[in-house]
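# Notes for the structure review
Here is how the chains run, residue by residue.
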Amino acid sequence: MSVKVAVIYYSSTGAVHALAEAVAEGAASAGAEVRLRRVAELAADGAIDENPRWRRHADATASIPEAAVEDLAWADAYAFGTPTRFGAPAAQLKHFIDQSAGLWREGALADKPVTAFTSAFNRHGGGEATIISLANVFYHWGALIVPPGYTDPAVYAAGGNPYGTSAVTGPSGDGPGTATLDAARYQGRRLTRTAIRLLAGAPTADASGGVSR
């Protein structure tokens, strides 16, 4: 059974973009039809131009379609990515999410699997808090949160964040490493497999090999 997965993200200098591509790859490898969408930039050109990496990334990803509310209506499952901003999602992603009120009132976002991923400058720079903050939105939607948990060795290899894949860029601004990208691909596969089971009405397997309904 094929499912439709929307990977919707904001990235300023490229780390979250790399994670989003990996999540999309993982979802596609598990059989999903994927839409990779970046949310609209809100920052002024002058602010972007002050940071060469921000400008380079903005120019390099200009061809990626911008996310629209229709992408939420289209998808069976969602993956949201954002850099952490003081332990919360970036304003650009929040602005997009705020446009979902119409679908929320219609109940169109309920019962859909959703997961989240993030990037921060420091390992303790708010990655977990950002993902948990996004979960507050998903609770209101009535969506079904699908964290990676401790369900695969890839999670441990990437630093062991059970809430969602999180990259640490550090002062060099390096993108996510191989282990982190592998964890993101696993997160995309897990989201897709969960969506397939839900659409098929099948029970989901727990980490010990049992089943839960």
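Residues numbered from 1 in each chain as written. Predicted model: local features only at pLDDT ≥ 70, side-chain atom pairs only at ≥ 80, totals over all residues. Heavy atoms only, no water.

Let's shift gears to the packing of helix α1 (residues 15-29) against helix α9 (residues 178-200). Between α1 and α9, the least distance of the axes is 7 Å, while the angle of their chain directions is 45°. Here α1 is positioned oblique relative to α9, judged by the angle of their axes. Our pair here, α1 against α9, has a crossing hand that is right-handed. Residues A18, L19, A22, V23, E25, G26, A27 and S29 of α1 form the contact with α9, whose participating residues are T180, L181, A184, R185, G188, R189 and T192. (Axes fitted to C-alpha atoms, helices over the stretch in contact; angles between N-to-C directions. Helix = DSSP H or I, 4+ residues; strand = E, 2+ residues; numbered from the N terminus. Parallel < 35°, antiparallel > 145°, perpendicular 65-115°, else oblique. Left-handed = near helix turned anticlockwise from the far one by under 90°. Contact = heavy atoms within 4.5 Å.)

By convention here, two paired aromatic rings are described through the distance between centres and the angle between planes. What the rule picks out here adds up to 6 aromatic pairs. A centroid spacing of 5.9 Å and a plane angle of 50° characterise the contact between Y78 and F80, whose relative ring orientation is tilted. Y78 gets classed as buried once you look at its relative accessible area, which sits at 0%. On the accessibility criterion, F80 (0% relative accessible area) is buried. What links up through ring pairs into an aromatic cluster is the set Y78, F80, F138 and W141. The ring of W74 has R35 lying over it, and the distance from NZ or CZ to the ring centre is 4.1 Å. (Phe/Tyr/Trp six-rings, centres within 6.5 Å; stacked < 30°, edge-to-face > 60°. Buried < 20%, exposed > 50% of the residue type's maximum accessible area, 1.4 Å probe, protein only. Lys NZ or Arg CZ within 6 Å of the ring centre and 35° of its normal.)

Tracing the sequence through the fold places F121 in the loop between β5 (113-120) and α7 (127-141). For F121, a relative accessible area of 46% gives the class partly exposed. Once the C-alpha coordinates of F121 and G170 are considered, the two residues, 49 residues apart in sequence, prove to be 4.8 Å apart. Apart from residues lying up to four places away in sequence, F121 is in contact with V168, T169, G170 and P171.

It is worth spelling out α1 at this point. Helix length check: α1, at 15 residues, gives a terminal C-alpha distance of 21 Å against a target of 21 Å (1.5 Å per residue), a fit within 8%. Listed as buried for α1 are A15, V16, H17, L19, A20, A22, V23, A24, G26 and A27. In the segment just after α1, G31 is the residue with positive phi, at about 105°. (Expected span 1.5 Å × (residues − 1).)

Let's shift gears to helix α5 (residues 91-98). Within α5, burial applies to Q92, L93, F96 and I97. The arc that holds the buried residues of α5, viewed along the axis, is 135°, so those residues lie on one side. Elements that come into contact with the buried residues of α5 comprise β1 (4-9), α4 (69-74), β3 (77-85) and α7. (Arc of directions from axis to C-beta.)

Among the 8 residues of β5, 8 are classified as buried, and the element is accordingly described as predominantly covered. By the alternation rule, side chains of β5 split into P113, T115, F117 and S119 and V114, A116, T118 and A120, which are all buried. Where β3 lies against β5, 6 bridges are found, and the strand directions are parallel. Its bridge partner being in β5, P83 is matched across the sheet by S119. Note: β5 against strand β6 (residues 144-145), 2 bridges, orientation parallel. Its bridge partner being in β6, P113 is matched across the sheet by L144. Where β5 meets strand β7 (residues 166-168), 3 bridges bridge the pair, whose relative direction is parallel. Bridging from a neighbouring strand, T118 pairs with S166 of β7. (Pairing = 2+ DSSP bridges.)

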